[in-house]
Every structure is written in structure tokens, then in C-alpha cells.
Amino acid sequence: MSLAWILCPVSLKSAEPFETATFAGGCFWCMEPPFDKIDGVLSTTSGYTGGHVENPSYKDVSSGGTGHIESIRIVYDPAKVDYEKLLQVFWHNIDPLAVNRQFCDTGKQYRSAIFFHSEEQRLMAEASKKELQSSGRFQKQIFTQILPAEEFWQAEEYHQDYYKKNPLSYKFYRFSCGRDKRLKELWGEDAGK
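In this text, all values refer to a predicted model and were calculated from it rather than measured experimentally.

Draft legend 1. Region of interest: the packing of aromatic side chains. A full pass over the atoms with the stated rule returns 10 aromatic pairs. With a centroid separation of 5.6 Å and 80° between ring planes, the pair formed by Trp29 and Tyr173 is classed as edge-to-face. Separated by 144 residues along the polypeptide, Trp29 in helix α2 (residues 28–36) and Tyr173 in helix α7 (residues 167–176) bring together distant segments of the chain. The exposure classification of Trp29 matches that of Tyr173, with both residues buried. Aromatic pair Tyr163 and Tyr170: ring centres 6.0 Å apart, planes at 55°, arrangement tilted. One aromatic cluster in this structure is built from Phe23, Phe35, Tyr83, Phe90 and Trp91.

Take a look at the structure:
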């Protein structure tokens, strides 16, 4: 046995790789907190996806001219949290009945969407949407889109963890936007969970 093996043993078991999920639910500031508190979520990143402009800025995207949607990218450990749980949290933090808007944010850049990274994610997302539509909870159509994941552009640094860096302005924005009130109307006790 070599000395290197003794000093630096290598496990023969390969570690399960981390996976990525991408969701759009209106303002990305409001989508980070519910996922950050889930055991197994390693990171959430605010950004933009689905558009036709390279490296867009917040100003570009919020004007609606780039085709991007404000989104969050989640890196998670599937050994600790499964994609079904992430989908559940996603649904309980959006208004699936809204067209080209979420709460007080209007325009296609704020629509809700699930961006799948694999065929398995696509099937699970479609099944969850179908189950929700047929559950009888809503009398209206669910407008949340299910789309293939595209290039994700990280938003400017001041947007990352905005709710932690600017708690008072974040809470004021969230309240004045009517997000929590509408989530409660839609989801009852499951709102935000």
C-alpha cells in the first residue's frame, strides 16, 4: 500500500451529484427565502433565463425587451430533498392563475414558469401541474409554463439574498405588492410552504 493511499484515502463510493432546479415566480427576491430554508438546498441564485440577449442587466430585463424571465436557480442535494418537494414549495409561493404577471409585477418577464433540466424533471413538473389543475382547488386555468432550461444569467450582486441584506425594504416591498395576502387566498395554511 502506498503512503499516498494512507495519507489521502479515496472512497470507492462515488458521491451523489448535486442537481439544479430553475423556477420563475415573479420577483426573484421573494422566491429565494422559501427555498433557502429547506434542508438539502445548497444555494439559490437570482437571475434571468429564457431570453435572447446575452448577459442582460436588471434594467434590460425589467423593461421587458429581452425575452428573459426573472428566475431563481437552485442547487440541491437529491439525497436530502427531492424535486417533488421543490415543486410543492414553488406552487405554494406563486399565483398559478396569473397571466404575464405575479402579484404587483406585470409583464412577461414576471410570468411563472418551471424550467426543466432533465426529462425526469419535465415529467414531474407536468404531472404536478396536471394534478393541481384537476384537484378542484382552482376553477380557472393554470397559466404556469413548463419550459426547457436555457442559459441562466446571474443577476447583479445587490439582488442576491436581497431579503437578508435589506430586510426592511424587502418586507415593505413584499407587503405593498400584496404577495402574502394573495398567497393566503390561494393556498390557505400551505401558503409560502
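Draft legend 2. View of the sheet that holds strand β1 (residues 19–25). Taking strand neighbours across the sheet as the criterion, the 6 strands line up as β7-β6-β1-β3-β2-β8 in an open arrangement whose pairing is mixed. Of all the strands in the sheet, the pair left with one neighbour each is β7 (145–148) and β8 (152–154). Across the sheet, the mean angle separating the axes of adjacent strands is 35° when strand polarity is ignored. With 4 bridges connecting them, β1 and strand β6 (residues 112–116) associate as antiparallel partners. In the sheet register, Thr22 faces β6, and the bridge partner there is Phe115. Sheet strands in contact with α2 are β1, β2 (41–49) and β3 (69–76), and its direction is about 165° off that of β2.

Draft legend 3. Geometry of the nonpolar core. One finds Phe23, Phe35, Leu86 and Ile114 to be the most contacted residues of the largest nonpolar core, which totals 42 residues. Ranked by residues supplied to this core, first place goes to helix α4 (residues 83–91) with 6 residues. When residues no more than four places from it in sequence are discounted, the contact partners of Leu86 are Ala21, Phe23, Phe35, Ile38, Val41, Tyr76 and Val81.

Draft legend 4. Focus on unusual backbone geometry. With a phi angle near 45°, Asn55 is a residue other than glycine that sits in the positive phi range. A residue is classified by how much of its surface remains accessible, and Asn55, at 55% relative accessible area, is exposed.

Cut-offs used in this document
- Residues numbered from 1 in each chain as written.
- Predicted model: local features only at pLDDT ≥ 70, side-chain atom pairs only at ≥ 80, totals over all residues.
- Heavy atoms only, no water.
- Phe/Tyr/Trp six-rings, centres within 6.5 Å; stacked < 30°, edge-to-face > 60°.
- Helix = DSSP H or I, 4+ residues; strand = E, 2+ residues; numbered from the N terminus.
- Buried < 20%, exposed > 50% of the residue type's maximum accessible area, 1.4 Å probe, protein only.
- Pairing = 2+ DSSP bridges.
- Axes fitted to C-alpha atoms, helices over the stretch in contact; angles between N-to-C directions.
- Contact = heavy atoms within 4.5 Å.
- Core = buried A, V, L, I, M, F, W, Y, C linked by side-chain atoms within 4.5 Å.

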